[in-house]
Amino acid sequence: MNLDFQNRRALVCGSTQGIGKAAAIALAQHECSITLLARDENVLSEVCNMLPNNGNQKHSYLAVDYRYPEKLSKAVQELIEEQGTIHILVNNTGGPQPGPAATAKEEDFVEAFSNHLLCNHLLMQCCLDGMKQASYGRIINVISTSVKQPLKGLGVSNTIRGAVANWSKTLAGELAQFGITVNNVLPGATNTARLTNIIDDKSKKTGKTFNDIVREMVTEIPAQRFAEPNEIADAIVFLASPAASYINGINLPVDGGRTLSL
């Protein structure tokens, strides 16, 4: 199986914690050069220094806030001018606040649309020319199993994740001719800060303890446990690799079997 990432660069978003950080480390372990992207420059520097390096890899980071899409786009364009082609784009950012769709505010949807779909789109456009010239591109969007089966209490997230999934599928059909694949990884319940926030929110609203909520969630998972971030990262690495060159336009659940649909 060809998992050779030498002379490839990946831009990994949301990479100071959770799934993004795990994906950056896993790709670096396979000799990919990494550019980390997140808001906190101090944490970015710490994670960048943690990345495996065989001596030939060139790791870097960008401190930029998704609340400012134009600044995000400009920063990535300048990075590409300085460091060259980004072959692998891992779109990953924290999800919207939990809550029902019926009571969500207009600005909740607008913010989520901008952070997830618009910023993903701008990053793709920044990377696209280089991917075409290299005849190699991997765009991997870390979204949610809610695109197959909406999750209770995540109204805004369910809505926006579905939009990202359809954007991805559309791109997959448009870009495959250039050697570029576009796929979605759908994590199930994963041991991250995001999951902790969701459990805390459920606990406050129901009066149940944190541990009670955890037990209820785990019973819905055939694997009887939450995922670890590195398990999601392994799926990202495969989809980013030459071995996955004919896998395009898919939603890949990594959820221990929780999602009931095929």
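Provided above is the structure to which this section pertains.
Residues numbered from 1 in each chain as written. Predicted model: local features only at pLDDT ≥ 70, side-chain atom pairs only at ≥ 80, totals over all residues. Heavy atoms only, no water.

A. How the structure looks around the overall build of the protein. When its secondary structure is counted, the protein shows eight helices and seven strands. Rg of the C-alpha trace for the protein: 18 Å, near the compact-globule value of 18 Å for 262 residues, within the 12% margin. Across its three principal axes, the protein shows a C-alpha extent of roughly 55 × 40 × 40 Å. Looking at the protein as a whole, 49% of its 262 residues are labelled buried. Considering only contacts within the protein whose residues lie at least 6 apart along the sequence, 74% involve residues at least 24 apart. By element, 49% of the accessible surface of the protein is carried by carbon and sulfur atoms, the whole surface being about 12,800 Å². Of the charged side chains in the protein, 23 are positive and 25 negative; the average position of the first set lies 4 Å away from that of the second. (Helix = DSSP H or I, 4+ residues; strand = E, 2+ residues; numbered from the N terminus. Rg over C-alpha atoms; globule rule 2.2 N^0.38 Å. Buried < 20%, exposed > 50% of the residue type's maximum accessible area, 1.4 Å probe, protein only. Contact = heavy atoms within 4.5 Å. Areas by Shrake-Rupley, 256 points an atom, 1.4 Å probe, with all protein chains shown as cover. Lys, Arg positive; Asp, Glu negative; His and termini not counted. Charge placed at Lys NZ, Arg CZ, Asp CG, Glu CD.)

B. Just the sheet that holds strand S1 (residues 9-13), in detail. Spatial ordering of the open sheet is given by S3-S2-S1-S4-S5-S6-S7, a layout of seven strands whose pairing is parallel. Pairing within the sheet leaves two strands with one partner each, and these edge strands are strand S3 (60-63) and strand S7 (251-254). Here the average twist between neighbouring strands, direction ignored, is 20°. Sheet topology places strand S4 (residues 88-91) next to strand S5 (residues 137-142); four bridges connect them, and they run parallel. Looking across to S5, one finds that isoleucine 88 is bridged to arginine 138. (Pairing = 2+ DSSP bridges. Axes fitted to C-alpha atoms, helices over the stretch in contact; angles between N-to-C directions.)

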